[in-house]
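One-letter residues, chain by chain:
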Amino acid sequence: MALTVLCLGFVVLLLLGVPVAIAIGLACLATFAVEGLPFETAIQMMVSGMNVFSFLAIPFFIFSGELMLHGGIADKIVNFARSLVGHWKGGLGLANVVASTLFGGVSGSPVADTSAMGGVMIPIMKREGYSAAYAVNVTTHASLSGALMPTSHNMIIYAFAAQAATGMIDGTAIRGVSIGDLMFAGLVPVFWIMVCMLVAAYWQAASHGYPRSVDGRSMVQRFPGWSAVLGAFIASLPGLGVILIILVCVMKGITTATEAAAIAVTYSLLLTVVVYRTMTRVNLMKSLARASKTTGVILLLIGVSNMLRYQMAYLEIPDAIEAALLTATTTPWVMLLYINIIQIILGIFLDMAAHILITTPLFLPLAIQMHVGPVQFGMMLLLNCALGLVHPPVGTVQFVGCAIGNISIGEATKTAWPYYLAILTAIMLVTYVPVFSTWLPSLITGHPVL
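Quantities reported herein were computed from a predicted structural model and do not represent experimental measurements. (Residues numbered from 1 in each chain as written. Predicted model: local features only at pLDDT ≥ 70, side-chain atom pairs only at ≥ 80, totals over all residues. Heavy atoms only, no water.)

*Asks:* Explain the packing of aromatic side chains residue by residue, including any values.
*Replies:* Summed over the entire model, instances satisfying the criterion amount to 5 aromatic pairs. Seen from their ring centres, F32 and Y310 are 5.8 Å apart, and the 10° between their planes marks the pair as stacked. With F32 in helix α2 (residues 20-35) and Y310 in helix α14 (residues 281-314), this residue pair connects regions lying 278 residues apart in the sequence. When its relative accessible area of 0% is taken as the criterion, F32 is described as buried. Of the residues examined, Y310 reaches a relative accessible area of 27% and is grouped as partly exposed. (Phe/Tyr/Trp six-rings, centres within 6.5 Å; stacked < 30°, edge-to-face > 60°. Helix = DSSP H or I, 4+ residues; strand = E, 2+ residues; numbered from the N terminus. Buried < 20%, exposed > 50% of the residue type's maximum accessible area, 1.4 Å probe, protein only.)

*Asks:* Report on a nonpolar patch on the surface, specifying residues and quantitative values.
*Replies:* There is a patch of nonpolar side chains on the surface, built from M251, W333, M428, Y432, V433, V435, W439, L443 and I444 and spanning about 840 Å² of accessible area. Elements supplying a minimum of two residues to the nonpolar patch: α21 (417-432) and α22 (435-445). With 4 residues, α22 is the single largest residue contributor to the nonpolar patch. Secondary-structure assignment places W439 in helix α22. (Patch = residues over 30% accessible without salt bridge, like charges linked within 9 Å, V, L, I, M, F, W, Y side chains within 5 Å. Areas by Shrake-Rupley, 256 points an atom, 1.4 Å probe, with all protein chains shown as cover. Salt bridge = Lys/Arg side-chain N within 4 Å of Asp/Glu carboxyl O.)

*Asks:* I'd love a proper account of the nonpolar core, names of residues and values included.
*Replies:* Most often, soluble globular proteins have nonpolar side chains that are buried together. In terms of nonpolar packing, the biggest core is built from 151 residues, with I24, F103, Y134, Y158, M183 and F377 touching the most fellow members. For this core, the element with the highest residue contribution is helix α17 (residues 352-369), accounting for 12 residues. With sequence-adjacent residues up to four places away left out, I24 is seen in contact with F10, L301, V304, S305, L308 and I358. (Core = buried A, V, L, I, M, F, W, Y, C linked by side-chain atoms within 4.5 Å. Contact = heavy atoms within 4.5 Å.)

*Asks:* Explain the packing of α17 against helix α18 (residues 374-388) to me, using residue names and the numbers behind them.
*Replies:* For the pair α17 and α18, interaxial distance at closest approach is 10 Å and the crossing angle is 140°. Handedness of the crossing formed by α17 with α18: right-handed. Taken together, the residues of α18 that come into contact with α17 (itself represented by M352, H355, I356, T359, T360, F363, L364, A367 and I368) are P374, F377, L381, L382, C385 and A386. Considered class by class, the residues forming the contact of α17 with α18 number 12 nonpolar, 3 polar and no charged. (Axes fitted to C-alpha atoms, helices over the stretch in contact; angles between N-to-C directions. Left-handed = near helix turned anticlockwise from the far one by under 90°. Nonpolar A, V, L, I, M, F, W, Y, C, P; charged D, E, K, R; others polar.)

*Asks:* Give me the environment of C196: which residues, what numbers.
*Replies:* With respect to the element layout, C196 can be found in helix α11 (residues 187-208). Its relative accessible area of 15% is what places C196 among the buried residues. Taking the C-alpha atoms as reference points, C196 and V97, 99 residues apart in sequence, are found 9.9 Å from one another.

*Asks:* Describe the packing of helix α4 (residues 57-70) against helix α13 (residues 257-275), listing the residues and the values that go with them.
*Replies:* Contact geometry for α4 and α13: axes closest at 8 Å, N-to-C directions at 20°. In terms of orientation, α4 and α13 fall into the roughly parallel class. Considering only the axes of α4 and α13, their crossing is left-handed. Contact residues: A57, F60, F61, F63, S64, L67 and M68 in α4; A257, T258, A261, A262, A264, V265, Y267, S268, L269, L271 and T272 in α13. Each residue belonging to the contact of α4 with α13 can be placed in one class, and the counts come to 14 nonpolar, 4 polar and no charged. (Parallel < 35°, antiparallel > 145°, perpendicular 65-115°, else oblique.)

*Asks:* Describe the pattern of salt bridges, listing the residues and the values that go with them.
*Replies:* Tallied over the full model, the rule gives 1 salt bridge. Between E66 and R290 there is a salt bridge, with its nearest N and O atoms 3.5 Å apart. Of this pair, E66 sits in helix α4 while R290 sits in helix α14; the two residues are 224 residues apart in sequence, bridging distant segments of the chain. Residue class for E66 comes out buried when judged on its relative accessible area of 6%.

Spelled out as structure tokens, the structure:
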């Protein structure tokens, strides 16, 4: 009865359009009532879930991204990307891919990335003859790289969820996951995604006869020269420096991830207020407001998800799911395929933070039994979650891009399949080729990373 109330209540509330965090909380409270458990326990679970020191990195990373978004950093990154690939066929589309990937590393948020790059690139691309669907799809799918970049707050959420989900598995002590390992693990998949996106964008541009362009105004069909590229790169380097600062601080053990996030905020403020002087009082207040709102939503999700995790453990839901999947197959590659299919389906309906918090305790122990470590599984999970951001009905990133491009979700989705294929290819590589996500952190840290 309790399990029925929990699952059915959650699904019904979602179908009614109730926000995910509220739906989880109400379903859990109803289950507590059915079980006769004290509501004080629910509140304790919720508060303890949010009261984690390492979660301070979440508002810091979000605020740093908002500062970069409203501080004019995007324009300099776009200029560098245009100078590098803008002379190729469909140059603005290719520049959009490169710029969105780079800004994803600065903002750590696919939504912020789409807002920044879309606001700059989509109107220009439409004006120069690119279709709205092409401009939107290039922007939204390339921005997914932000979910795997070192500044991504979703890595912090996954690290917490993985720490709670691991422990003793088959009699073996399994440690949690290092945030530093996750930061380095995402770089190779991000590079692969960018390459695949460039191929897809070039193929579509060549198929539709889209023009070359470097400066967004004139049809320039020649390479501007390496001196121009170097100049544009140097101009964008201070903005991109936040990625390097975080990686170096974590890699060298200078700071924890939380302290590195605080340094990123300080650096972003100095860069946008003192160096570039592009941050206005209005935009600073807007950055604070948006960062506060996003942080509040995420912490609420963390709190209610901790209640849900308590209920799942109490009702032995992870054990039941594990038994069901092991009954279906014991072959590792088939099991991992099942997990990915389930993750993709769930990603269609769940927001990224909720997806991570709900599914990590369900599938991470099972993945470890299939010899997939927490870092590798984290990359699998983040990629699946990222794919959900561009898929309706939740598709937050796609909604933002379509709103900027003034195009319907259905029209954009019709031509999005090459970009879906790029993400799916990355998911398969991370799933079945462990070194794809573990090689770089193992090389950097000097110890095996699983």
